[in-house]
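Below are the chains, spelled out letter by letter.
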Amino acid sequence: MLPCQEHRSQYCQGCHLDCTYWTSFRKNQESQRQLKKQYLSYYVELCAVRTRQFRKLSPLKW
C-alpha cells in the first residue's frame with residue numbers, strides 16, 4: 001500500500017508518480033538505506049579484521 005493513500009482523500013491510481021509526499025518519502029527511504037549500508041559495511045569489515053587477527057593469534061591452524 002502506498003503511504004500517500006492514507007494522506008490524500010483524492011487518491012487515484014497512478015497519482016503517486018507525481019505526488020510530492022511520495023517523492024520525499026522515497027528520497028528519505030533511500031538516504032536511510034544508504035546510511036544502513038554504510039554502517040553495516042563498516043562493521044562487517046571491522047569484524048572481519050578482528051576475526052583474522054584472532055585466527056593469527058590462535059594456536060590452532062584454520
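Residues numbered from 1 in each chain as written. Predicted model: local features only at pLDDT ≥ 70, side-chain atom pairs only at ≥ 80, totals over all residues. Heavy atoms only, no water.

**Focus: the overall build of the protein chain**
Our working rule: Helix and strand definitions follow DSSP, with helices as H or I runs of at least four residues and strands as E runs of at least two, each counted in order from the N terminus. Each residue is assigned to one of three classes by its accessible area relative to the maximum for its type, calculated with a 1.4 Å probe on protein chains only: buried under 20%, partly exposed between the two thresholds, exposed over 50%. The method behind every accessible area is Shrake-Rupley, applied with a 1.4 Å probe, and residues are considered shielded solely by the protein chains displayed.
Counting its regular elements, the protein chain contains two helices and zero strands. Put simply, the protein chain has 62 residues, and 11% of those count as buried. Entry remark: accessible area of the protein chain is about 5,900 Å², with carbon and sulfur atoms responsible for 57%.

**Things to note about the packing of aromatic side chains**
Which entries qualify depends on this criterion: Each aromatic pair joins two rings of Phe, Tyr and Trp (for Trp, the six-membered one) with centres within 6.5 Å, and gets the label stacked for planes under 30 degrees apart, edge-to-face for over 60, and tilted for any other angle.
Scanning all chains against the criterion turns up two aromatic pairs. Between the aromatic rings of Tyr 39 and Tyr 43, the centroid separation amounts to 4.8 Å while the plane-to-plane angle is 55°, which identifies the pairing as tilted. Taken together, the residues span about one helical turn, with Tyr 39 and Tyr 43 both in helix α2 (residues 20-57) at a distance of four residues. For Tyr 39, a relative accessible area of 52% gives the class exposed. An angle of 85° between the planes, with centres 4.8 Å apart, marks the rings of Tyr 42 and Tyr 43 as edge-to-face. The exposure class assigned to Tyr 43 is partly exposed, which follows from its relative accessible area of 38%.

**A closer look at a nonpolar patch on the surface**
Applicable threshold: Residues forming no salt bridge and having over 30% relative accessible area are the ones grouped into patches, like charges within 9 Å of each other and nonpolar side chains (Val, Leu, Ile, Met, Phe, Trp, Tyr) within 5 Å. In what follows, salt bridge is the name for a side-chain nitrogen of Lys or Arg lying within 4 Å of a carboxyl oxygen of Asp or Glu.
Together, Tyr 39, Leu 40, Tyr 42, Tyr 43 and Val 44 give the surface a local cluster of nonpolar side chains, amounting to about 570 Å² of exposed area. Residue Tyr 42 is classed as exposed on the basis of its relative accessible area, which comes to 52%.

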